[in-house]
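Inside the fold
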Amino acid sequence: MKKFLLYIFFVFTILLTIFVVSCIYIFLKYRSWEKEFKSNINVEYLIDAQSIEEVDLDERIVKFTLSLLDTESLTLEVKEVGSILFTTVDSYLGEEISLQKIYIEPLDKVWKIYFKVGYENLELWISFDLNKDDIQSAQLYTKNVYVGPFEIGRYIDLVSLINKGIGESIVTLNENGFVGRYIENIELLEDGIVLKGSRY
């Protein structure tokens, strides 16, 4: 009996040690990643609750919607896209979770979008990539989801969930005519997004 209890204690001690070491490793790696990430931030593409007040898209959206041309384009700068994202995501979060910042790394056909969220005393950077294939379509999709440097998309089916949400949003946008045009194509560029819309 004593040997059995000693064995149980030994196994428990090993498992507890592995758990503690893993937690320390995750914490240190995240902090190291966050420090490097913050040092490389381009403040021009950093969006928070204060900066979105400086963005006014109403006039350009009205012009895009009411244009008499059969096909019209609307170009949105990175910060303008970030402002729309911030307002939209923040409206869906509960009271306990707060969206503090959004940061965008724009490249041609691939954007990396970071969300800094807070829950009580915990703050984390969550990110995903936004991709656009080299074809004429409004389809956007993500391949990976991260918390800091850790990929979580393979453990939780967030990739499919995000892609479904993006697809349904575009379908809803077109079917309900929220912008007065059918969105035919979306281009991800290094300096912004271009929406190409045709009249209904």
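Heads up: the structure comes first, above all this text.
Computed from a predicted structure; not experimentally measured.

Moving on: the nonpolar core. Inside soluble globular proteins, nonpolar side chains tend to come together where they are buried. With 39 residues, the main nonpolar core has Ile102, Trp111, Ile113, Leu130 and Ile186 as its most contacted residues. Counting residues per element, this core draws most heavily on strand β4 (residues 110–119), which supplies 5 residues. Leucine 130 has contacts with Lys109, Val110, Trp111, Ile113, Leu140, Tyr141, Ile166 and Leu188, leaving out every residue within four places of it along the chain.

Before going further, it helps to examine the packing of aromatic side chains. Tallied over the full model, the rule gives 8 aromatic pairs. Ring geometry for tryptophan 33 versus tyrosine 114: centroids 6.5 Å apart, planes at 35 degrees, classification tilted. Taken together, the positions of tryptophan 33 in helix α1 (residues 2–39) and tyrosine 114 in strand β4 put the pair 81 residues apart, joining distant regions of the chain. Owing to a relative accessible area of 17%, tryptophan 33 belongs among the buried residues under this scheme. Since its relative accessible area comes to 6%, tyrosine 114 is described here as buried. An aromatic cluster of at least three residues, connected via ring pairs, comprises Tyr30, Trp33, Phe37, Tyr103, Tyr114 and Trp125. When the ring centre of tyrosine 146 is taken as reference, the NZ or CZ atom of lysine 112 above it lies at 4.9 Å.

Taking 1.5 Å per residue, 15 residues should reach 21 Å; helix α3 (residues 78–92) reaches 21 Å between its end C-alpha atoms and fits that length. Val78, Glu80, Val81, Gly82, Ser83 and Phe86 are the residues of α3 that are buried. Tucked inside the fold, the buried residues of α3 contact β1 (46–47), α2 (58–66), β2 (71–77), β3 (97–107), β4 and β9 (192–198).

Moving on, we get to the environment of tyrosine 30. Position of tyrosine 30 relative to the elements: it lies in helix α1. For tyrosine 30, a relative accessible area of 6% puts it in the buried group. On a C-alpha basis, the gap between tyrosine 30 and phenylalanine 150 in space is 8.2 Å, while along the polypeptide they are 120 residues apart. With residues up to four places along the chain from it excluded, the contact list for tyrosine 30 reads Glu123, Leu124, Trp125, Val147, Gly148, Pro149 and Phe150.

About the cut-offs
Residues numbered from 1 in each chain as written. Predicted model: local features only at pLDDT ≥ 70, side-chain atom pairs only at ≥ 80, totals over all residues. Heavy atoms only, no water. Core = buried A, V, L, I, M, F, W, Y, C linked by side-chain atoms within 4.5 Å. Buried < 20%, exposed > 50% of the residue type's maximum accessible area, 1.4 Å probe, protein only. Helix = DSSP H or I, 4+ residues; strand = E, 2+ residues; numbered from the N terminus. Contact = heavy atoms within 4.5 Å. Phe/Tyr/Trp six-rings, centres within 6.5 Å; stacked < 30°, edge-to-face > 60°. Lys NZ or Arg CZ within 6 Å of the ring centre and 35° of its normal. Expected span 1.5 Å × (residues − 1).

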